[in-house]
Amino acid sequence: MLDAMHEGRTYQRVELITGGRRRRSWTSEEKARIVAESAEPNANISDVARRNGVSRGLLTVWRRQAWEARSTSEHESLFAAVRVRCVEERPQNAAAIVEERDAVSVVSCTIEVSMADATVRVPMGADSATVNAVISALRRSR
């Protein structure tokens, strides 16, 4: 009897998905950090994307947007490359140094901010008001 009732009907599968799938919302700071990481020399874009939980395609879109924003003079750049560079310096006065092992070296660090066609080098320890004033001046000069 049951076979007769179901004759001619096909089996249908119904899936019930509970909970909502949300798209991740990335802040501008997160995007800038990830794009900057992908712009490092010898960076593998796929590895950077995987490490940060973003698809390679989306990272490519962000990189293109950053490039377009940087190359378009009408709009303020969304991204600025920031690097910290440290250099070990030894005293120039060799006569004062008895032996090489007695030489005292000094590590000098600077922060480099690259925006548009300009790079500003700020010594470590500079107050934030000075750094903000320099960056504001760069933005206005574009």
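Keep in mind the model is a prediction, meaning the values are calculated, not measured. (Residues numbered from 1 in each chain as written. Predicted model: local features only at pLDDT ≥ 70, side-chain atom pairs only at ≥ 80, totals over all residues. Heavy atoms only, no water.)

Peer 1: Can you walk me through the side chain of Ser-38 in this structure?
Peer 2: On the secondary structure map, Ser-38 appears in helix H2 (residues 28-38). On the accessibility criterion, Ser-38 (4% relative accessible area) is buried. Dropping the residues within four chain positions of it, Ser-38 is found in contact with Ala-43, Val-48, Leu-59 and Arg-63. (Helix = DSSP H or I, 4+ residues; strand = E, 2+ residues; numbered from the N terminus. Buried < 20%, exposed > 50% of the residue type's maximum accessible area, 1.4 Å probe, protein only. Contact = heavy atoms within 4.5 Å.)

Peer 1: Can you walk me through the confidence of the model for the protein chain in this structure?
Peer 2: For any part of a model where pLDDT is low, the fine detail of the predicted coordinates should not be relied upon. Mean pLDDT over the protein chain stands at 76; residues scoring 70 or higher make up 68%. Within the protein chain, helix H1 (residues 2-5) has the poorest average pLDDT of any element, 52, and helix H3 (residues 45-52) the best, 94. (pLDDT = per-residue confidence, 0-100.)

Peer 1: I tried to follow the environment of Arg-121 on my own but got confused; where do I start?
Peer 2: With respect to the element layout, Arg-121 can be found in strand E3 (residues 118-123). When its relative accessible area of 55% is taken as the criterion, Arg-121 is described as exposed. A sequence separation of 11 residues divides Arg-121 from Thr-110, and the C-alpha atoms of the two residues are 6.1 Å apart. If we skip the residues at most four places from it in the chain, Arg-121 touches Ile-111 and Glu-112. Among the polar contacts listed, one links the side chain of Arg-121 to the side chain of Glu-112, at a separation of 3.2 Å. (Polar contact = N/O pair within 3.5 Å; in protein donor to acceptor, adjacent residues only side chain to side chain.)

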